[in-house]
Amino acid sequence: MTQPESLAELLNGRRSAIDATLPAAGFVIGWLVTGRSIWAGAAIAVACALAVCWWRLRHGDKPRAVLIGLLGVCVAATIALVTGNAEDFFLLQLLSNAASALVWVISIVLRWPLLGVIVGGVLGQKTRWRRDPALLRSYSLASWVWVPQYLIRLAVFVPLYEAGQVVALGAARIVLTWPLIAACLAVSWWVIRRTLPPGHPGLRHPVTDAVAER
């Protein structure tokens, strides 16, 4: 396998971690320093999300992906404001982790492993990677690595959410974001490198029927 860059480099894992943690930290800090004001926490969380958007756009990220992150923070803040419960700021993440675990499993079962869909999209391959049996198998095996991270978060978040532990939820979001993403990127990359056959040209060069016939 000759592909030099890692999944972390391809998928910008560090930027995703910043997206997920900075607004949550801002919400908790704002909520605490203003005497548990949800309005203040929500305002600081949205301000942090806007700052992240500005930073990511300046670094060339796609506007659609950036705006989706901003929308998620706005929805989370709105839920907390409507219910009047600060812990509900984390409800959207709780639901998204449960949905993500299910979606990743379904994608593997349907032979559309989500890791392949994401990496193929980043590399501009559309669905060409699916016509490479070896690459499809490797993406499927590596996609299983991503499922436990969502289950781990749920195991931690659900009890904290039910107990209304806002500060602990914020801390858990930070602690369980970058380390788990980094671990998934590293382990899934290791799985891909171990399972692709010797001589395979790598992620950027799927071995399709058209290539094999040359």
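Scroll up for the structure.
Below: a short report on this structure.

Conventions used here
- Residues numbered from 1 in each chain as written.
- Predicted model: local features only at pLDDT ≥ 70, side-chain atom pairs only at ≥ 80, totals over all residues.
- Heavy atoms only, no water.
- Phe/Tyr/Trp six-rings, centres within 6.5 Å; stacked < 30°, edge-to-face > 60°.
- Helix = DSSP H or I, 4+ residues; strand = E, 2+ residues; numbered from the N terminus.
- Buried < 20%, exposed > 50% of the residue type's maximum accessible area, 1.4 Å probe, protein only.
- Axes fitted to C-alpha atoms, helices over the stretch in contact; angles between N-to-C directions.
- Parallel < 35°, antiparallel > 145°, perpendicular 65-115°, else oblique.
- Left-handed = near helix turned anticlockwise from the far one by under 90°.
- Contact = heavy atoms within 4.5 Å.
- Nonpolar A, V, L, I, M, F, W, Y, C, P; charged D, E, K, R; others polar.

**Side note on the packing of aromatic side chains**
For any pair of aromatic rings, geometry is given as the distance between the ring centres together with the angle between the planes.
Okay, so step 1: As enumerated under the stated definition, the model contains six aromatic pairs in all.
Okay, so step 2: Centre to centre, the rings of F27 and F90 are 6.3 Å apart; their planes meet at 85 degrees, and the pair counts as edge-to-face. A residue pair is termed long-range when its members are at least 10 positions apart, and F27 in helix α2 (residues 13-33) and F90 in the loop between α4 (63-83) and α5 (91-109) qualify at 63 residues. Accessibility classification places F27 together with F90 in one group, the buried group.
Okay, so step 3: Centre to centre, the rings of W112 and W129 are 6.2 Å apart; their planes meet at 90 degrees, and the pair counts as edge-to-face. Here W129 lies in the loop between α6 (114-122) and α7 (133-143) and W112 lies in the loop between α5 and α6, a separation of 17 residues in the sequence.

**What to know about the packing of helix α8 (residues 147-162) against helix α9 (residues 166-175)**
Okay, so step 1: It is the contact of α8 with α9, at a shortest axis distance of 9 Å, that shows an interaxial angle of 165 degrees. Relative to α9, the element α8 lies roughly antiparallel. With respect to the hand of their crossing, α8 and α9 are arranged in left-handed fashion. Note on element contacts: α9 touches α8 through A168, L169, A172 and R173, opposite V156, F157, L160 and Y161.
Okay, so step 2: Residues that form the contact of α8 with α9 fall into these classes: seven nonpolar, no polar and one charged.

**Overview of the environment of A134**
Okay, so step 1: In this structure, A134 sits in helix α7.
Okay, so step 2: Taking C-alpha positions, A134 is 9.9 Å from T208, a pair spaced 74 residues apart along the chain.

**A look at unusual backbone geometry**
Most peptide bonds are trans, and most residues other than glycine sit at a negative phi.
Okay, so step 1: Even without being glycine, R111 reaches a positive phi, approximately 65 degrees.
Okay, so step 2: In this fold, R111 is placed in the loop between α5 and α6.
Okay, so step 3: Within the chain, K126 stands out as a residue other than glycine whose phi angle is a positive 55 degrees.
Okay, so step 4: Its relative accessible area of 73% is what places K126 among the exposed residues.

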